[in-house]
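In case you want the letters, here they are:
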Amino acid sequence: MPTILGQNQYGKAENRVVKITRDGATHHIKDLNVSVALSGDMEDVHYSGSNANCLPTDTTKNTVYAFAKEYGIESAEQFGIHLARHFVTSQEPIHRARIRIEEYAWERIETSDANSKFIGADEVKHSFVRKGQETRLTQITFDGENWEVVSGLKDLIVMNSTNSEFWGYVKDKYTTLQEAYDRILATQVSGRWRFNWTDDEQKMPNWEKSYEQVRKHMLQAFAETYSLSLQQTLYQMGARIINNRSEIDEVRFSLPNKHHFLVDLEPFGLKNDNEVYFAADRPYGLIEATILRDGCEARIPVDMTNL
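Residue positions are counted from 1 within each chain, in the order its sequence is given. Per-residue local features are limited, in this predicted model, to residues with pLDDT of at least 70; the limit for side-chain atom pairs, both in listing and counting, is 80 or more; totals at the level of whole chains, interfaces and linings are taken over all residues. Side-chain descriptors were evaluated using all non-hydrogen atoms of the structure, hydrogens and water having been removed beforehand.

**Student:** What is the right way to read the confidence of the model for the protein from this model?
**Tutor:** Any region with low pLDDT has predicted coordinates that should not be read closely. Note: pLDDT gives the predictor's confidence per residue, expressed from 0 to 100. Model confidence for the protein is summarised by a mean pLDDT of 93, while 95% of its residues fall at 70 or above. Strand 5 (residues 127-130) is the least confidently modelled element of the protein, averaging 85 in pLDDT, while helix 5 (residues 230-244) averages 98, the highest of any element. A run of H or I in DSSP becomes a helix once it reaches four residues, and a run of E becomes a strand once it reaches two; helices and strands are each numbered from the N terminus.

Now the structure itself:
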């Protein structure tokens, strides 16, 4: 039975591009997931394998990153318009371009006030928390006499667009990672904290206020720590909670390092001055630790937060 080619399209899907705009000390983030689909005179590539009319999907990916530098990202809509117009007008065989963009919103982390004991706390303008991703958690255990309450959260995505370094690490013949003295630090927080309320004779914590305050101290510690490693930041987050919330004796974090790599734009004649990054979702470093009030015993299971 004879066959004919029906609707077809091709392109590069889910190009993760993060654009940092630096307005002095104040930074702005546009975080997009861009998918490109092109269609037109593509019969030959399907019927005979001729690539004469086929713009490589790798080129469409490169165009996304190059346009982020050349035109910036005023809005997802405007960025998509630039891309679609380019593909259709620059390539005669391409008659239609479909650009799908997901935008991940960030808001600034509200840091300590100007009277804070933490130096520079009121000057932080480069720390952000993703909107709409956080899930609040709790686990209550009761044996008829004693209570154990472990609360927490997951999927809280945070980022520092500067004030993070990573260098001086062990190197062997398999090490290829370059030392970094100004990098993006981002993670997806999975955290649990255990309350020291264990029986009905004790005054019960204000659970709502406690959660709000734990989250606040966690985020402020993330924003205000000049980080030399994600491990250091993790410890500061946990220590800030323990030091400020007397109802909590133990905190455990599982923090995947959400790597952001600078895109090499030199092949396109463009200089990438810490502006355009590729956001890699895997593989990732996974940093985990428990922080305890001095004299307390760890009881949060290590497999409660990790993979």
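Having seen the model, we can carry on.
**Student:** How should helix 5 be read in this particular structure?
**Tutor:** Quick reminder: α-helices carry 3.6 residues per turn. Residues three or four places apart thus point the same way. Across its 15 residues, helix 5 extends 21 Å between first and last C-alpha, which sits within 8% of the 21 Å expected from 1.5 Å per residue. Every buried residue of helix 5 is listed here: Leu 230, Thr 233, Leu 234, Met 237, Gly 238, Ala 239, Arg 240, Ile 241 and Ile 242. By this rule, a helix spans an expected 1.5 Å times one less than how many residues it contains. Residue exposure (1.4 Å probe, protein chains only): buried if accessible area is under 20% of the type maximum, exposed if over 50%, otherwise partly exposed.

**Student:** It is not clear to me how the pattern of salt bridges should be interpreted in this structure. Could you clarify?
**Tutor:** Any two side chains of opposite charge can pair, given that their charged atoms come close. What makes a salt bridge here is a side-chain nitrogen of Lys or Arg within 4 Å of a carboxyl oxygen of Asp or Glu, nothing more. One pass over the full model with this rule turns up 12 salt bridges. Its salt-bridge partner being Glu 275, residue Lys 69 comes within 2.4 Å of it at the nearest N-O pair. Taken as a pair, Lys 69 in helix 2 (residues 57-70) and Glu 275 in the loop between strand 10 (260-262) and strand 11 (276-279) lie far apart in primary sequence, 206 residues in all. The partly exposed category is assigned to Lys 69, whose relative accessible area is 26%. What makes Glu 275 buried here is its relative accessible area of 17%.

**Student:** How should the packing of helix 4 (residues 207-224) against helix 5 be read in this particular structure?
**Tutor:** The relative placement of two packed helices comes down to the angle between their axes together with the axis-to-axis distance. Working convention: axes come from line fits to C-alpha atoms, limited for helices to the stretch in contact. Angles between N-to-C directions cover 0 to 180 degrees. Where helix 4 meets helix 5, the closest approach of the two axes is 8 Å, and the angle between their N-to-C directions is 140°. In terms of their interaxial angle, helix 4 and helix 5 are classed as oblique. Where helix 4 crosses over helix 5, the two elements pack in a sense that is right-handed. Each of Val 214, His 217, Met 218, Gln 220, Ala 221, Phe 222 and Glu 224 in helix 4 lies in contact with helix 5, whose residues at this interface are Thr 233, Gln 236, Met 237, Arg 240, Ile 241 and Asn 244. In this scheme, roughly parallel covers angles under 35 degrees and roughly antiparallel covers those over 145, while 65 to 115 is roughly perpendicular and the rest are oblique. For any pair of crossing helices, the crossing counts as left-handed if the nearer helix is rotated counterclockwise from the farther one by less than a right angle, and right-handed if it is rotated clockwise. By definition, residues are in contact when any of their heavy atoms lie within 4.5 Å.

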